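Structural overview for review
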Amino acid sequence: MSATADHAEERTNPAARLGFEPGQVVQEIGYDDDVELELREGIEATTGQELVDEEYDDVADVVLLWFRDEDGDLTDALVDAIGLIEDGGTVWLMTPKTGRDGYVEPSDINEAAQTAGLAQTKSISAGKDWTGSRLVTPKGAKAKR
């Protein structure tokens, strides 16, 4: 694929901007009727498989966590998400944009991520109503195998 085609896909498929790859298992947590359906469909198109839900009983490559301020403790949700991914996996935290119901302050995201042992590497617009924060385990903190 050419660089031009890559850029065109990023504009038409929001999942391409998030770095999803074919064959990845993506576990979705916090799904509700307010999530960004276009993003979900784009992830499924990119990975070539359906998102797995909270009942999935194996490890995933990526966790897609939809989180709203009223959903409880963000640190607890992130710690739970870490337990669902492969070593070196990614948590994409989706939170409502500024001014939307359930908005989460960026400082709260940063604090919860650090407390959970994650580092925020990227933040993007993930649709009309959602912001995505890419969270990873720090390179030196990977679990020993």
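None of these values were measured; they are calculated from a predicted model.

Turning our attention to the packing of aromatic side chains. Scanning all chains against the criterion turns up 1 aromatic pair. Where tryptophan 66 meets tryptophan 130, the ring centres are 4.8 Å apart and the plane angle is 80 degrees; that geometry is what we call edge-to-face. One end of the pair, tryptophan 66, is in strand E2 (residues 60–66); the other, tryptophan 130, is in strand E5 (residues 130–136), with 64 residues separating them in the sequence. By relative accessible area, tryptophan 66 is classed as buried at 1%.

Taken together, the side chains of Asp69, Glu70, Asp101, Glu105, Asp108 and Glu111 make up a negatively charged region of the molecular surface. As for its position among the elements, aspartate 101 is in the loop between strand E3 (85–96) and helix H5 (106–115).

Here we take up the sheet that holds E3. With mixed pairing, the 5 strands of this open sheet are ordered in space as E1-E2-E3-E5-E4. With partners counted over all chains shown, the strands left at the sheet margins are strand E1 (26–29) and strand E4 (119–125), one partner each. The mean angle between the axes of side-by-side strands here comes to 20 degrees, regardless of whether they run parallel or antiparallel. Across 6 bridges, E4 lies against E5 in antiparallel orientation. From the neighbouring strand, alanine 119 faces E5, where its bridge partner is valine 136.

Moving on, we come to the nonpolar core. Ranked by internal contacts, the top residues of the largest apolar core, which has 18 residues, are Leu65, Leu74, Leu78 and Val91. Elements with a contribution of two residues or more to this core: E2, helix H4 (74–82), E3 and H5. With 4 residues, H4 is the single largest residue contributor to this core. Not counting chain neighbours up to four residues away, the residues in contact with leucine 65 comprise Ile29, Ala77, Leu78, Val91, Trp92, Leu93 and Met94. Ranked by size, the runner-up nonpolar core spans 16 residues in total, among them Leu51, Trp66, Met94 and Trp130.

Our next topic: the side chain of arginine 68. Among the secondary structure elements, arginine 68 is positioned in the loop between E2 and H4. Taking the relative accessible area as the measure of exposure, arginine 68 reaches 5% and is therefore buried. Here aspartate 34 takes part through its side chain, which lies 2.9 Å from a polar atom of the side chain of arginine 68. Beyond its immediate stretch of four places on either side in the chain, arginine 68 contacts Gly30, Tyr31, Asp32, Asp34, Val35, Pro96, Gly102, Val104 and Trp130.

Turning our eyes to something else, we now look at H4. Along H4, the residues that are buried comprise Leu74, Thr75, Ala77, Leu78 and Ala81. The buried side chains of H4 occupy one side of the element, clustering within an arc of 160 degrees when seen end-on. In this structure, the buried side of H4 is in contact with E2, E3, H5 and E5. Taking the backbone nitrogen of threonine 75 as reference, a side-chain oxygen 3.2 Å away marks aspartate 73 as the first, capping residue of H4.

Across all of its chains, the model carries 5 salt bridges by this definition. Here aspartate 129 and lysine 128 are joined by a salt bridge, their closest N and O atoms 3.5 Å apart. Residue aspartate 129 is classed as partly exposed on the basis of its relative accessible area, which comes to 24%.

Reading guide: rules and limits
Residues numbered from 1 in each chain as written. Predicted model: local features only at pLDDT ≥ 70, side-chain atom pairs only at ≥ 80, totals over all residues. Heavy atoms only, no water. Phe/Tyr/Trp six-rings, centres within 6.5 Å; stacked < 30°, edge-to-face > 60°. Helix = DSSP H or I, 4+ residues; strand = E, 2+ residues; numbered from the N terminus. Buried < 20%, exposed > 50% of the residue type's maximum accessible area, 1.4 Å probe, protein only. Patch = residues over 30% accessible without salt bridge, like charges linked within 9 Å, V, L, I, M, F, W, Y side chains within 5 Å. Areas by Shrake-Rupley, 256 points an atom, 1.4 Å probe, with all protein chains shown as cover. Salt bridge = Lys/Arg side-chain N within 4 Å of Asp/Glu carboxyl O. Lys, Arg positive; Asp, Glu negative; His and termini not counted. Charge placed at Lys NZ, Arg CZ, Asp CG, Glu CD. Pairing = 2+ DSSP bridges. Axes fitted to C-alpha atoms, helices over the stretch in contact; angles between N-to-C directions. Core = buried A, V, L, I, M, F, W, Y, C linked by side-chain atoms within 4.5 Å. Contact = heavy atoms within 4.5 Å. Polar contact = N/O pair within 3.5 Å; in protein donor to acceptor, adjacent residues only side chain to side chain. Arc of directions from axis to C-beta.

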